Amino acid sequence: MSYHNIITRAELMELPIEEQRALMQEWRKRYSVEKICRDTGIPYGGSFYNYLRYLGLPTNANTRGNKRDMGVATMNLYDKKKSNKSESWHH
């Protein structure tokens, strides 16, 4: 897994969610949201931020470099609350 090359959405979806999360965390430290969206093909805006929420990552740019762990409790809470709309980013 290389953090230096942004891969397409299709390639990203083939990876386990843990790897998707790790890649996205590193890319957000290195690149702008616009570049990530352009290179992956994930639409900028709602779809991108829905994907971040799906991964359990913060959506606020000020926290993207924060090293704190989101924690299992946060992930489980999100899983219980997410709706079909929140998964629409990958369609």
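See the structure above.
Note on numbering: residues in each chain are counted from 1, in written sequence order. Given that the model is predicted, a residue must reach a pLDDT of at least 70 before its local features are reported, and side-chain atom pairs must reach 80 or more before they are shown or counted; all residues, however, enter totals for whole chains, interfaces and linings. Heavy atoms from the whole structure form the basis of all side-chain values; hydrogens and water molecules are not counted.

(A) Representation of the packing of aromatic side chains in the model. Paired rings are identified among Phe, Tyr and Trp, the last through its six-membered ring, by centres lying within 6.5 Å, and are further divided according to the angle between planes into stacked (under 30 degrees), edge-to-face (over 60) and tilted (the rest). Per the stated rule, a full pass over the model turns up two aromatic pairs. Ring centres 5.2 Å apart and planes at 85° place the aromatic pair F48 and Y49 in the edge-to-face group. Aromatic side chains Y51 and Y54 sit 6.4 Å apart centroid to centroid with 25° between the ring planes, which places their arrangement in the stacked category. One end of the pair is Y51 and the other is Y54, both in helix α4 (residues 46-55) and three residues apart, which spans about a single turn. Cation placement over rings: the criterion is NZ of Lys or CZ of Arg within 6 Å of the ring centroid and within 35° of the ring normal. In this arrangement the basic side chain of K35 is found over the ring face of Y31, its NZ or CZ atom lying 5.6 Å from the centre. To qualify as a helix, a DSSP run of H or I must reach at least 4 residues; to qualify as a strand, a run of E must reach at least 2; elements of each kind are numbered from the N terminus.

(B) Inspection of helix α3 (residues 33-40) at higher detail. Relative accessibility under 20% of the residue-type maximum defines a buried residue, over 50% an exposed one, and the middle range a partly exposed one, all with a 1.4 Å probe and only protein chains included. Among the residues of α3, V33, I36, C37 and T40 are the ones counted as buried. On an axial view of α3, the arc spanned by its buried residues comes to 95°, and they lie on one face. In this analysis, two residues are considered to be in contact whenever any of their non-hydrogen atoms come within 4.5 Å of each other. In this structure, the buried side of α3 is in contact with α1 (9-13), α2 (17-30) and α4. As used here, the arc is the angular range of directions from the helix axis to the C-beta atoms.

(C) A look at the side chain of Q20. Among the secondary structure elements, Q20 is positioned in helix α2. At a separation of 2.7 Å, a polar atom in the side chain of Q20 contacts the side chain of Y51. Those residues within four positions of Q20 in sequence are excluded, and the remaining contacts are L12, M13, L15, Y51 and L55. Counting of polar contacts relies on pairs of N or O atoms within 3.5 Å, with two restrictions inside protein: one atom must be capable of donating a hydrogen and the other of accepting it, and residues adjacent in sequence are counted only when both atoms are side-chain atoms.

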